[in-house]
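# Structural characterization, general
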Amino acid sequence: MAKRDYYEILGVNKNASEAEIKKAYRRLAMKYHPDRNTGDAGEVAEVRFKEAKEAYEVLADAQKRATYDQFGHAGIDSSMGGGYGGENANFSDIFGDVFGDIFGGGRGGGGGSRVHRGADLRYNLQLSLEDAVAGTTVKIRVPTLVKCDVCAGSGAKKGSSPKTCDTCGGHGQVRMQQGFFSVQQTCPRCHGKGTMIDDPCSSCHGQGRVQEHKTLSVKVPPGVDSGDRIRLAGEGEAGESGGPPGDLYVQVAVKPHDIFSREDNHLYCEVPISFAIAALGGELEVPTLNGKVMLKIPAGTQTGRLFRMRGKGVKPVRGGLVGDLMCRVLLETPVKLTPEQEDLFKQLDESMKRGGAKHSPHSTSWVGGVKKFFENMGF
């Protein structure tokens, strides 16, 4: 099978700098490292890990990168007498530089069990607009991995403890010498943990963690909106080998409202008005999230006009001025008229026609524009 392009593997452009290449490799190494992937997913991750390692070894070296840019894989394979990045590659410097920061290992590390921080979790929380604006406290139930109480997270049967791996001496890594090259790899026996469990805990089966549901109280601050996250430190999954737990991120999603819509810190609503109110003016009772208010409609109001009610919107979650409530009036055409009502409308229409353009200036202007358009087009 043809090899994938090294730049494609690392997800960088061909003009990427050395720092960008290194950063991309660090990200992939963390994602696909064997210590972080097990089972069927681990097999796929191992392939991706080796690909990234091979691509980095070539692109991080200016001379090898130039050869690869000019001749592709053929130039690299021929110059090295076989596939690059295999067991003959010297990754000791790469391992110490890149993986030492990620996994707390690297060259010359000490003994003892290697602990890993638990994974972060995400919980999707749906809120009503009222709760999002005013703030609230909600109870959520989250499935997660927690530290086994029986073995205190060690994974070993009560009364016993994990033993230092005799293959790597507790380092979690082993060094293999291939001629002039030294290759540092994850210990195949303890899988990088540095310890072995001869007598596993019967409760967690040696994992040090058990599956549970936690009920948590989440305080939602006033003014949150869809996309905001609330971080609950230490409420994620428990870490391996007694490592620190991750965090829980509560992702907020505000449900659609029957009356209001929200844009930033402003609220919008549509208010239907009658012909009589639009023509003569008047007052209407409109809702806000804090109660009812009166909206004054001036005579001659046209449909679509926007009225601003200051300070009736949302107070920003991060501080600042309270937004406004924007009321858009919509002229509602009467339906299902009685014969008497139809007759009254006809009388009104005749009366307004006799008044000329003063009753409907927009309509008169539009008709004049249409007439001129037809004349210019020769219709």
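The model shown is predicted, which means the values in this text are computed figures rather than measured ones.

### Focus on a nonpolar patch on the surface
A contiguous nonpolar patch, built from Phe-275, Leu-331, Phe-345, Leu-348 and Met-352 and spanning about 390 Å² of accessible area, is present on the exposed surface. Turning to its location among the elements, Phe-275 is positioned in helix 8 (residues 275-280). Residue Phe-275 is classed as partly exposed on the basis of its relative accessible area, which comes to 35%.

### A closer look at unusual backbone geometry
If you check the backbone angles, His-205 has positive phi at about 60° while not being a glycine. By secondary structure assignment, the location of His-205 is in the loop between strand 6 (195-196) and strand 7 (209-220). Accessibility expressed as a relative area gives 62% for His-205, which makes it exposed.

### A closer look at the layout of surface pockets
In this model, the second largest pocket occupies a volume close to 680 Å³. Lining the second largest pocket we find 22 residues, and of these Ala-279, Gln-302, Met-352, His-359 and Ser-360 sit closest to its centre. Listed by contribution, the elements that provide at least two residues to the lining of the second largest pocket are helix 8, helix 9 (339-354) and helix 10 (361-377).

### Some remarks on the environment of Gly-153
The topology assignment puts Gly-153 in the loop between strand 2 (136-147) and strand 3 (163-164). Its relative accessible area of 2% is what places Gly-153 among the buried residues. In the structure, Gly-153 is positioned 53 residues away from Gly-206 in sequence and 8.9 Å away in space, judged by C-alpha atoms. Once residues within four sequence positions are removed from consideration, Gly-153 is found in contact with Lys-147, Cys-148, Gly-208, Ser-241 and Gly-242.

### Examining the sheet that holds strand 9 (residues 248-254)
Read from one edge of the open sheet, three strands run 1-9-8, paired in mixed fashion. Across the chains shown, the open sheet's two edge strands, defined by having one partner strand only, are strand 1 (121-127) and strand 8 (229-232). Taking the axes of each pair of neighbouring strands and ignoring which way they run, one obtains an average angle of 25° across the sheet. Bridge analysis of strand 1 against strand 9 gives seven bridges, and the strand direction is parallel.

### Points about the confidence of the model for the protein chain
Averaged over every residue, the pLDDT of the protein chain is 82; residues scoring 70 or more account for 84%. Per-residue pLDDT stays below 50 along residues 80-112; that stretch engages in 83 contacts with residues further than four places along the chain or on separate chains.

### Looking at the sheet that holds strand 10 (residues 261-263)
An order of 10-11-15-14 is seen for the four strands of this open sheet, with the pairing classed as mixed. Unpaired on one side and paired on the other, strand 10 and strand 14 (306-309) mark the two borders of the sheet. Between one strand axis and the next, the sheet turns by 30° as a mean value, whatever way the strands run. Pairing between strand 11 (residues 266-273) and strand 15 (residues 325-331): seven bridges, direction parallel. The partner of Leu-267 across the bridge, within strand 15, is Leu-325.

### Digging into the packing of aromatic side chains
For the structure shown, the criterion picks out four aromatic pairs. Ring geometry for Tyr-6 against Tyr-68: centres 4.6 Å apart, planes inclined by 35°, an arrangement best described as tilted. Linking Tyr-6 in helix 1 (residues 6-10) with Tyr-68 in helix 4 (residues 62-71), this pair joins segments that are 62 residues apart in sequence. Overall, Tyr-6 belongs to the buried group, its relative accessible area being 1%. A relative accessible area of 6% places Tyr-68 in the buried class. An angle of 40° between the planes, with centres 6.1 Å apart, marks the rings of Tyr-7 and Tyr-68 as tilted.

Conventions adopted
- Residues numbered from 1 in each chain as written.
- Predicted model: local features only at pLDDT ≥ 70, side-chain atom pairs only at ≥ 80, totals over all residues.
- Heavy atoms only, no water.
- Patch = residues over 30% accessible without salt bridge, like charges linked within 9 Å, V, L, I, M, F, W, Y side chains within 5 Å.
- Areas by Shrake-Rupley, 256 points an atom, 1.4 Å probe, with all protein chains shown as cover.
- Salt bridge = Lys/Arg side-chain N within 4 Å of Asp/Glu carboxyl O.
- Helix = DSSP H or I, 4+ residues; strand = E, 2+ residues; numbered from the N terminus.
- Buried < 20%, exposed > 50% of the residue type's maximum accessible area, 1.4 Å probe, protein only.
- 1 Å grid on protein atoms, 1.4 Å probe; cavity = no way out; pocket = protein on both sides within 12 Å on 5 of 7 lines; lining within 4 Å.
- Points joined across faces, edges and corners; volume = space filled by probe spheres on them.
- Contact = heavy atoms within 4.5 Å.
- Pairing = 2+ DSSP bridges.
- Axes fitted to C-alpha atoms, helices over the stretch in contact; angles between N-to-C directions.
- pLDDT = per-residue confidence, 0-100.
- Phe/Tyr/Trp six-rings, centres within 6.5 Å; stacked < 30°, edge-to-face > 60°.

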